[in-house]
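# Structure assessment
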Amino acid sequence: LRRQRHVALGVVELGPTSEVLERSSLEATLVNAFRYEDLISWDNDNEILFVLPDTDDKASIPLERLLAELHHTIPTARCGLALCPDDARSVEGLISGARTAAAAADQGRLRRLSEVRAFRRAGPANIIAIDPTMQRLADLVERLAQSDMPVLLAGETGVGKEVFALALH
């Protein structure tokens with residue numbers, strides 16, 4: 001953010017079939033699909049994280065190429081992509097957003113966080129509302145923002161009141 005450069009974070013969920021594959025053969029495929037400056041990390045046995053510096057929408061190209069290469073060996077693989085600063089501005093937000101997008105993707109496909117129905121723009125912040133109750137709340141806040149009605153936000157610590165307050169304003 002300080003250098004005003006784009007960063008993309010991708011998550012590839014391999015699915016249950018990946019447990020029978022050898023990691024070394026999969027890692028060779030990964031190395032061939034990406035640039036030298038891209039970072040690749042196993043998060044667990046079924047999930048790989050990718051940090052693609054200095055990329056924006058073009059970050060989908062190597063991820064889609066990887067999914068195409070994995071199609072025959074791991075047909076259950078799917079991918080999610082989140083962009084900084086467009087989708088999130090923190091590491092946690094990018095990882096969460098990429099995982100949300102991957103969960104919404106079909107097998108063998110890539111989804112961007114901005115394409116997921118659960119993704120909402122709320123002023124300078126983003127709201128990811130997957131739970132139906134949170135989606136209804138986001139819809140309500142969107143409608144209330146159109147009015148001049150006073151609103152009192154109450155809730156437990158850490159539930160995101162400040163995000164909804166920004167959306168209202």
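The structure contained in this document is the topic of the report that follows.

Parameters and conventions
- Residues numbered from 1 in each chain as written.
- Predicted model: local features only at pLDDT ≥ 70, side-chain atom pairs only at ≥ 80, totals over all residues.
- Heavy atoms only, no water.
- 1 Å grid on protein atoms, 1.4 Å probe; cavity = no way out; pocket = protein on both sides within 12 Å on 5 of 7 lines; lining within 4 Å.
- Points joined across faces, edges and corners; volume = space filled by probe spheres on them.
- Helix = DSSP H or I, 4+ residues; strand = E, 2+ residues; numbered from the N terminus.
- Pairing = 2+ DSSP bridges.
- Axes fitted to C-alpha atoms, helices over the stretch in contact; angles between N-to-C directions.
- Left-handed = near helix turned anticlockwise from the far one by under 90°.
- Contact = heavy atoms within 4.5 Å.
- Nonpolar A, V, L, I, M, F, W, Y, C, P; charged D, E, K, R; others polar.
- Salt bridge = Lys/Arg side-chain N within 4 Å of Asp/Glu carboxyl O.
- Buried < 20%, exposed > 50% of the residue type's maximum accessible area, 1.4 Å probe, protein only.
- Phe/Tyr/Trp six-rings, centres within 6.5 Å; stacked < 30°, edge-to-face > 60°.

Before going further, it helps to examine the layout of surface pockets. Within this model, the largest pocket holds a volume of roughly 370 Å³. As for the largest pocket, its lining consists of 16 residues, and the residues nearest its centre are Leu 1, Arg 2, Arg 5, Val 7 and Cys 84. Elements represented by at least two residues in the lining of the largest pocket include exactly β1 (7-13), β3 (47-53) and α3 (91-104). Broken down by element, the residue count for the lining of the largest pocket peaks at three residues, all from β1.

This part takes up the environment of Leu 140. Along the chain, the position of Leu 140 falls in helix α4 (residues 132-145). Along the sequence, Leu 140 and Leu 168 sit 28 residues apart, while their C-alpha atoms lie 9.9 Å from each other.

What follows is about the pairing of strand β2 (residues 39-44). Across five bridges, the pairing between β2 and β3 is antiparallel. Opposite Asn 44, over in β3, you have Glu 47 as the bridge partner. From the end of β2 to the start of β3, which pair antiparallel, there are two residues.

A few words on the packing of helix α1 (residues 23-33) against helix α2 (residues 60-70). Contact geometry for α1 and α2: axes closest at 9 Å, N-to-C directions at 145 degrees. For the pair α1 and α2, the crossing hand works out as right-handed. Every residue of α2 that contacts α1 at Leu 26, Thr 29, Leu 30 and Ala 33 is listed here: Pro 62, Arg 65, Leu 66, Glu 69 and Leu 70. Here the residues of the contact of α1 with α2 are counted per class, giving six nonpolar, one polar and two charged.

Looking now at the pattern of salt bridges. Tallied over the entire structure, the rule returns seven salt bridges. Between Glu 37 and Arg 35 there is a salt bridge, with the nearest N and O atoms lying 3.3 Å from each other. Where salt bridges share partners, they join Arg 35, Glu 37 and Asp 38 into one cluster.

Now for unusual backbone geometry. A cis amide bond links Cys 84 to the next residue, Pro 85, at an omega of 10 degrees. Phi is positive for Asp 54, close to 55 degrees, though the residue is something other than glycine. With respect to the helices and strands, the residue Asp 54 is situated in the loop between β3 and α2. Overall, the relative accessible area of 46% leaves Asp 54 in the partly exposed class.

This paragraph deals with the packing of aromatic side chains. The relative placement of two aromatic rings is captured by the distance of their centres and the angle of their planes. Scanning all chains against the criterion turns up one aromatic pair. Ring centres of Phe 34 and Phe 50 lie 4.6 Å apart, and the angle between their planes is 20 degrees; this geometry places the pair in the stacked category. Of this pair, Phe 34 sits in the loop between α1 and β2 while Phe 50 is found in strand β3, placing the two residues 16 residues apart along the sequence. Of the two residues, Phe 34 and Phe 50, neither departs from the other in class, the shared state being buried.

A few words on the sheet that holds strand β4 (residues 78-84). In sheet architecture, strand pairing relies on hydrogen bonds along the backbone and comes in two forms, parallel and antiparallel. Taken in spatial order, the five strands make up an open sheet running β2-β3-β1-β4-β5, and their pairing is mixed. Strand pairing shows two members of the sheet lacking a second neighbour, β2 and β5 (110-112), which therefore form its edges. Pairs of neighbouring strands in the sheet enclose a mean axial angle of 20 degrees, with direction left out of account. Sitting on the sheet, α1 touches β2 and β3, and the angle it makes with β2 is about 145 degrees. Contacting β1, β2, β3, β4 and β5, α3 crosses the sheet at an angle of about 145 degrees to β4.

Keep in mind that these numbers describe shape and distance, not what the molecule does.
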